[in-house]
Amino acid sequence: MRILFSNPPWFAQEGTRWGVRAGSRWPFTGPADMTYLPFPFLMAGAAAFLRSQGHDVWLADSIATRESDASWLARLREGRFDYIILETSTPSIGSDLEYAKKAAGHGKVVLCGPHATVFAREILAAHPSVFAVLQGEYELGVARLLREGNPGIYPMELVENLDALPDPLRDSTIYRYNDRFPNTPEGHCLQVMASRGCPFGCIFCLWPQVMFGGRRFRPRSARRVLEEIKDCLRRFPRFTSLYFDDDTFNIGKPRILELCHGLGRLGLPWSAMCRADTSDAETWRAMRESGCYAVKLGLESGSQALVDRCGKGLDLGKVRETVALLKSLGIFVHVTYTWGLPGETPETIAETRRFHEALAPDSWQESMCTPFPGTDFYKLYAEVSGPPPKDWARYDGAKALECDSCSRLSRGAKS
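Predicted model only: the values in this text are computed from it and were never measured.

> With reference to specific residues and values, describe the overall build of the chain.
Across its full length, the chain holds 16 helices and 17 strands. In terms of C-alpha radius of gyration, the chain reaches 21 Å, essentially the compact-globule figure of 22 Å for 415 residues. Considered along the principal axes of its C-alpha atoms, the chain spans approximately 60 × 55 × 40 Å. By the burial criterion, 59% of the 415 residues in the chain qualify as buried. Total accessible area on the chain is roughly 16,300 Å²; 52% of this is exposed by carbon and sulfur atoms.

> Lay out the nonpolar core with the relevant residues and their values.
Formed by 113 residues in total, the largest nonpolar core has its most connected members in Phe-5, Leu-111, Phe-244, Phe-249, Trp-270, Met-287 and Leu-297. With nine residues, the single largest contributor to this core is helix H1 (residues 41-52). Once residues lying within four places of it in the same chain are set aside, the contact partners of Leu-111 are Leu-86, Thr-88, Leu-97, Ala-100, Ala-116, Ile-123, Val-130, Ala-132, Val-133 and Leu-134. Listed in part, the nine residues of the second largest apolar core include Cys-202, Phe-204, Leu-341 and Leu-380.

> How would you explain the pattern of salt bridges if you had to name every residue and give the values?
Under the counting rule described, the total for this entry stands at 28 salt bridges. With its nearest N and O atoms 3.3 Å apart, the salt bridge here joins Glu-148 to Arg-144. You can see Glu-148 and its partner Arg-144 sitting in helix H7 (residues 139-148), four residues apart, about one turn around the helix. With a shortest N-O distance of 2.6 Å, Lys-253 and Glu-282 are connected by a salt bridge. With Lys-253 in helix H10 (residues 253-266) and Glu-282 in helix H11 (residues 281-289), this residue pair connects regions lying 29 residues apart in the sequence. Judged by relative accessible area, Glu-282 falls into the partly exposed class, the value being 46%.

> Can you break down the packing of aromatic side chains residue by residue, with the values?
The full count for this structure, using the stated rule, is 19 aromatic pairs. Consider the rings of Phe-39 and Phe-41, whose centres lie 5.0 Å apart with planes at 80°: the pair is edge-to-face. Each member of the pair, Phe-39 together with Phe-41, is buried. With centroids separated by 4.7 Å and ring planes inclined at 75°, the aromatic side chains of Trp-72 and Tyr-99 adopt a geometry described as edge-to-face. Here the residue Trp-72 occupies a position in helix H3 (residues 69-79), and Tyr-99 occupies one in helix H4 (residues 93-103), the gap between them amounting to 27 residues. Its end group placed over the ring of Tyr-99, Lys-102 keeps NZ or CZ at 4.9 Å from the ring centre. Stacked on the ring of Phe-200, the Lys or Arg Arg-275 has its end atom at 3.6 Å from the ring centre.

The rules behind the values
Residues numbered from 1 in each chain as written. Predicted model: local features only at pLDDT ≥ 70, side-chain atom pairs only at ≥ 80, totals over all residues. Heavy atoms only, no water. Helix = DSSP H or I, 4+ residues; strand = E, 2+ residues; numbered from the N terminus. Rg over C-alpha atoms; globule rule 2.2 N^0.38 Å. Buried < 20%, exposed > 50% of the residue type's maximum accessible area, 1.4 Å probe, protein only. Areas by Shrake-Rupley, 256 points an atom, 1.4 Å probe, with all protein chains shown as cover. Core = buried A, V, L, I, M, F, W, Y, C linked by side-chain atoms within 4.5 Å. Contact = heavy atoms within 4.5 Å. Salt bridge = Lys/Arg side-chain N within 4 Å of Asp/Glu carboxyl O. Phe/Tyr/Trp six-rings, centres within 6.5 Å; stacked < 30°, edge-to-face > 60°. Lys NZ or Arg CZ within 6 Å of the ring centre and 35° of its normal.

Distances and angles like these do not, on their own, reveal function.
Here it is in structure tokens:
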């Protein structure tokens, strides 16, 4: 069969802003010239899986190529696809459904992604242009769809042994993807995923709860990760650094040490999304010695009460120790804060600011906590403030419900 995986265009404000959807845990719109662009791991993984089964598979990331509507429609007209699989997100769903309607005359339209996962029944009932919905991670689901050919919902089937999957599909567009620290070496940075999911309980985190089966952690072996990297470097030699875009990279000391040994032999600088409390000093040192130059640490707040309430299970005292160690090792530290967690007050905001000043990370980012459908935060919002708004464009991570939902939830949150 002939299948197209499409991350369709997402324009906003009459084309002055572009959205980031596939590959992003926090879908949002930004200026048309923004350089951040995550690799669409789930789409690329499913495309590679179907190719390994002998299907004629195409992947078109219109966000990466800044493809126009006209070009996107021409691709569909000329492609003669049996199935057109479209990625969705909550803030882009209005646009996504319009593209589904346009695609319906050119193949059977299948939706995937977080929003379609949560609202599969409602979408199928209200939108006859949609043939089927794939829930959660979807390698196994899309393979079953092609075998059975029936309309409807294909529930998530988790791949237990990630080593058995082929490497994600990468083509000549690979150099367009970009997720860089301020101190990333010159050149292109290859995005890699060494695991799926996260075992921790952050109530707001979208992918582990919705796309990866509810806080399940599934690592790939160090051997398979290194094989993928070596193959990518052979085919795409312009990469000069690596970034591990896992939900939580540094889980499992023996595996991380084995991975560090292999990365050291490769000789490329690398960075990763980590937790501050899942590695000991020996592991951090091994990471540094193998080429780790930067890490992202999700802290969320400088108030221990808020960090505890949001389910993160993180000791801020440990954070202080870890950041001090990382700085002593020469590892660049980027931290993230999430304003508007349940219980947020002017006092906790001030507490976070004091914590941040004392911590003195090398760089940081701030975002508003958004109750994405399917998360525990979405359910808590409903309990405290009533049904969350269904003006889905307001869930744009760049808007974060204009702070409104978060401030009301913070004032009325239950412990």
